[in-house]
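# Structural description and commentary
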Amino acid sequence: MSSRQQPRWTQTWLGGVRSAGVDLGYPGERLGLPERGSGAVAGFGRRVGALAIDWIICTWAIAQGILRVDPAQQAWAPLVIFGVVNLLLVGSMGMTFGMRLLGIRVAALDGGNPRFLPVLVRSLLLCLAVPALIWDRDQRGLHDRAANTVVVRM
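The residue count restarts for each chain, going from 1 along the sequence in the order it is written. Restriction of local features to residues with pLDDT of at least 70 applies here, the model being predicted, together with a cutoff of 80 or more for giving and counting side-chain atom pairs; totals for whole chains, interfaces and linings are based on all residues. Each side-chain value is worked out from all heavy atoms of the structure, with water and hydrogens disregarded.

### Considerations on the pattern of salt bridges
- Whenever Lys or Arg places a side-chain nitrogen within 4 Å of a carboxyl oxygen from Asp or Glu, that contact is recorded as a salt bridge. Tallied over the entire structure, the rule returns four salt bridges.
- Between Arg30 and Asp138 there is a salt bridge, with the nearest N and O atoms lying 2.7 Å from each other. One end of the pair, Arg30, is in the loop between helix 1 (9-19) and helix 2 (44-66); the other, Asp138, is in the loop between helix 6 (130-133) and helix 7 (142-147), and 108 residues separate them in sequence.
- Each residue gets one of three labels from its accessible area relative to the maximum for its type: buried under 20%, exposed over 50%, partly exposed in between, using a 1.4 Å probe on protein chains only. A relative accessible area of 2% places Asp138 in the buried class.
- Close ionic contact of Glu35 with Arg36 constitutes a salt bridge, the shortest N to O distance being 3.9 Å.
- The exposure class assigned to Glu35 is partly exposed, which follows from its relative accessible area of 45%. A run of H or I in DSSP becomes a helix once it reaches four residues, and a run of E becomes a strand once it reaches two; helices and strands are each numbered from the N terminus.

### Examining the side chain of Asp54
- Structurally, Asp54 is set in helix 2.
- A residue counts as positive if it is Lys or Arg and as negative if it is Asp or Glu; His and the chain ends are not included. Salt bridges are absent for the buried Asp54, whose nearest opposite-charge side chain, Arg122, sits at 8.4 Å.

### Quick look at the nonpolar core
- One finds Ala42, Ala50, Leu87, Val90, Met95, Met99, Ile104, Val106, Val119 and Val151 forming the largest nonpolar core, which totals 10 residues.
- Mapped by element, the contributors of at least two residues to this core are helix 3 (76-93) and strand 1 (104-108).
- Only heavy atoms matter for contacts: two residues are in contact if any of them lie within 4.5 Å across the pair. Those residues within four positions of Ile104 in sequence are excluded, and the remaining contacts are Ala42, Arg46, Arg47, Ala50, Met95, Met99, Val151, Val152, Arg153 and Met154.
- Nine residue types can take part in a nonpolar core, namely buried Ala, Val, Leu, Ile, Met, Phe, Trp, Tyr and Cys, and a core is a set of them joined through side-chain atoms within 4.5 Å. The next biggest cluster of nonpolar side chains, apart from the first, holds nine residues, and it includes Cys58, Ala63, Ile81 and Ala132.

### Focus on the pairing of strand 1
- In terms of burial, strand 1 is largely enclosed, as four of its five residues are buried.
- DSSP bridges decide pairing: two strands pair if at least two such bridges lie between them. Across five bridges, the pairing between strand 1 and strand 2 (residues 149-153) is antiparallel. Across the sheet, residue Arg105 finds its bridge partner in strand 2, namely Val152.

Here you go:
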């Protein structure tokens, strides 16, 4: 390629490789997932919505309503409840309440429900928050990569 055909270094750095004309495919293509519909990688909006619903359930319904814990005085309680709920529900059903409401689930890379140990690792990393904020081009956070899982649409 001549220097005229190659993208400037600022194009790849500022706008990413897609803006420089490099086609990486759609999210999930490398994993063998469809581009749209059931089984496709879940979008950012659905994930954040499911997280917000689950956080509200853990903070208000379980912590305050059932356990009578004041999250203002014991700030760690909702996080522990969130981790336990995530571990139990994703480990048994492949989804939390928020995920079910928004039509997404956690799947192992082979397509089935993830096993207990990967769900434990995923839940612990999800509670740390930072691993969930670092994504790859298939929209899998570090917590999903560590557990060999992917969040897909139902």
